[in-house]
Amino acid sequence: MAVFKPENVEDLYEIEEVLGSGHFGQVRKVREKTSGTCWAGKFLKIRKSACSRLGLERSSVEREVEILQALKHPNIVNLKDVFESRSEVVLILEFVSGGELFDFIAQKENLLESEAIQFIKQILEGLRFMHSNNIAHFDLKPENIMLSDKVSPRPIIKLIDFGLAYHFSPGEEYRSTSGTPQYIAPEVINCEPLSTATDMWSIGVITYILLSGLSPFQGDTDEETLKNILALKYEFDKHYFSTTSAMAKDFILKLLVNNSNERMTAEECLLHPWIKPITRTQAVSRHRSSINIRSFKKFNAKRKWKMSYNMVRMCNQLVSLRLHCKSSSKQDPLERECESDVEDADSKPASLLRRRLSSSS
Ligand code: ATP
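Since the structure is predicted, the reported quantities are computational estimates derived from the model, not experimental observations.

1. With respect to the site of the ligand
Reasoning step 1: Around the ligand, 18 residues are found, and the nearest of them are G20, G22, H23, V27 and A40.
Reasoning step 2: Of the residues forming the shell around the ligand, the biggest block, three residues, is contributed by strand β1 (residues 13–22).
Reasoning step 3: Partitioned by chemical class, the residues of the shell around the ligand number nine nonpolar, five polar and four charged.
Reasoning step 4: Counting the residues that make up the shell around the ligand, at least three belong to each of domain 1 (9–94) and domain 2 (99–307).

This is how it looks when you write it as structure tokens:
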């Protein structure tokens, strides 16, 4: 079982600026007092009583910690330490300072497929390691694919956020309806058993977006997006894929497959000719094809705008909830500190909220 240190994190680390916010707390830069080294502190609010709806269950945090402890790989964020106080668990993680991969690419004027492949390959290597340990991430999306630093010419991919990840025991069936609509596989929507192949669908979606700047199943509403996924309704629009190689499309086609048993595994992806060319023609085609950078920049700008919008909406919900808490005399006192439970209050459909409500059978 994971060991959570009872010491006060502030005795050992200076707490600095906010790096990001999640549904259950903040991630802040922290500096180790003895060495001056920077780390990322993920502060997670813990449910104070079994009947409270607020915060995360301790078991859910234990799961995230145990998974991170099992995953020591250059392309996966490293967990250094864990502290626990009465209401919070703090994960001390490797500080990933290069920002999101998508933001890095969006700053470029062009990107050859051969360059994009160097990043995809690293994502696949992280996944191959994870999957060989019977662990699935279940929340692969651009926000969770970061770069080690901003200065090196070849930054290293770091996969983050193992809050929805799951460690399969032999022969076990696991179902969950958590995830982000654009990136989830049909089996998530159908509440069918999940597997490491569920991550491979998300890799197909991410690669499609990276090459074209279009999201393959995106509808006007979440319901429409989910319907498009179930109907496998997507195409390679000539206008957006004019600079894409046939091999890249083949790579995507072999991931966006309804039957999870027929999808390429991470291991197979690493052997696909788009990633590992066998002939000279295959190698050359990757240097002649490029991503649709204009369209990609637009996609990324829209994505960032939506993220800021959601953050403001979450803050507004928090303010109104606090006002409600103050004016309600019958309110459970625990609920006055309910900032971690205001997420996606009016998002639809309810079963696909980005939250940790999973079930195993
Ligand atoms: P969500 O509710 O979206 O799943 P979460 O509470 O699980 O979020 P993370 O996704 O792990 O939290 O982190 C939230 C944000 O904090 C990330 O999007 C990223 O910007 C930043 N972040 C997380 N881990 C690190 C890290 N190791 N180094 C630098 N920044 C990080």
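2. Re the pairing of strand β3 (residues 38–45)
Reasoning step 1: Counting buried positions over the eight residues of β3 gives six, a clear majority of the element.
Reasoning step 2: Inspection of the sheet shows strand β2 (residues 25–32) paired to β3 by seven bridges, in the antiparallel sense. Note on β3: the bridge partner recorded for K29 is A40.
Reasoning step 3: Counting the residues that bridge the hairpin from β2 to β3 gives five residues, and of these G36 lies at a positive phi of roughly 80°.
Reasoning step 4: Where β3 and strand β5 (residues 88–94) come together, seven bridges link them in antiparallel fashion. In the strand pairing of β5, W39 is matched with E94.

3. A word on the domain arrangement of the protein chain
Reasoning step 1: Taken domain by domain, the protein chain consists of domain 1 (9–94) and domain 2 (99–307).
Reasoning step 2: Computed from C-alpha coordinates alone, the two centres of domain 1 and domain 2 are separated by 27 Å.
Reasoning step 3: Domain 1 puts 11 residues into the contact, and the matching count from domain 2 is 16 residues.
Reasoning step 4: Residues that form the side of domain 1 that touches domain 2 fall into these classes: seven nonpolar, two polar and two charged.

4. Some remarks on the UniProt feature "domain: Protein kinase" (unreviewed entry) in the protein chain
Reasoning step 1: When the UniProt feature table is mapped onto this chain numbering, "domain: Protein kinase" (unreviewed entry) sits at residues 13–275.
Reasoning step 2: In residues 13–275, helix accounts for 31% and strand for 20%; the two terminal C-alpha atoms are 42 Å from one another.

5. Focus on the sheet that holds β2
Reasoning step 1: Across the sheet, which stays open at both edges, the five strands sit in the order β1-β2-β3-β5-β4 with antiparallel pairing between neighbours. Two strands lie at the open edges of the sheet, namely β1 and β4 (79–84), each paired on one side alone. On average, each strand axis in the sheet is inclined to that of its neighbour by 25°, with strand direction left out of account.
Reasoning step 2: In the sheet, β4 pairs with β5 via five bridges, with the strands oriented antiparallel. Bridge assignment links D81 to a residue of β5, and that residue is I92.

6. Observations concerning the environment of S295
Reasoning step 1: By the element assignment, S295 lies in helix α11 (residues 293–327).
Reasoning step 2: A count of 17 C-beta atoms within 10 Å places S295 in the partly exposed class.
Reasoning step 3: In this view, S295 contacts S212, G213, L214 and Y240; residues no more than four positions away in its chain are not counted.

7. Re the UniProt feature "binding site: ATP" (unreviewed entry) in the protein chain
Reasoning step 1: Per the UniProt annotation, the sites labelled "binding site: ATP" (unreviewed entry) are K42.
Reasoning step 2: Looking at the element boundaries, K42 is found in strand β3.
Reasoning step 3: Judged by the 28 C-beta atoms lying within 10 Å of it, K42 falls in the buried class.
Reasoning step 4: Those residues in contact with K42 that sit more than four places away from it in its chain are G25, V27, V90, L91 and L93.

8. Looking at unusual backbone geometry
Reasoning step 1: Not every positive phi belongs to a glycine, and N134 is a case in point at roughly 60°.
Reasoning step 2: We note that L232 has phi near 50°; this positive angle belongs to a residue other than glycine.
Reasoning step 3: Its location among the elements puts L232 in the loop between α7 (222–230) and α8 (246–253).

Scoring rules and cut-offs
- Residues numbered from 1 in each chain as written.
- Predicted model: local features only at pLDDT ≥ 70, side-chain atom pairs only at ≥ 80, totals over all residues.
- Near = placed C-beta within 6 Å.
- Helix = DSSP H or I, 4+ residues; strand = E, 2+ residues; numbered from the N terminus.
- Nonpolar A, V, L, I, M, F, W, Y, C, P; charged D, E, K, R; others polar.
- Domains from an automatic or database assignment.
- Buried ≥ 20, exposed ≤ 12 C-beta atoms within 10 Å, placed from the backbone.
- Pairing = 2+ DSSP bridges.
- Contact = placed C-beta atoms within 7 Å.
- UniProt positions renumbered as here; feature names shortened; annotations may be inferred.
- Axes fitted to C-alpha atoms, helices over the stretch in contact; angles between N-to-C directions.

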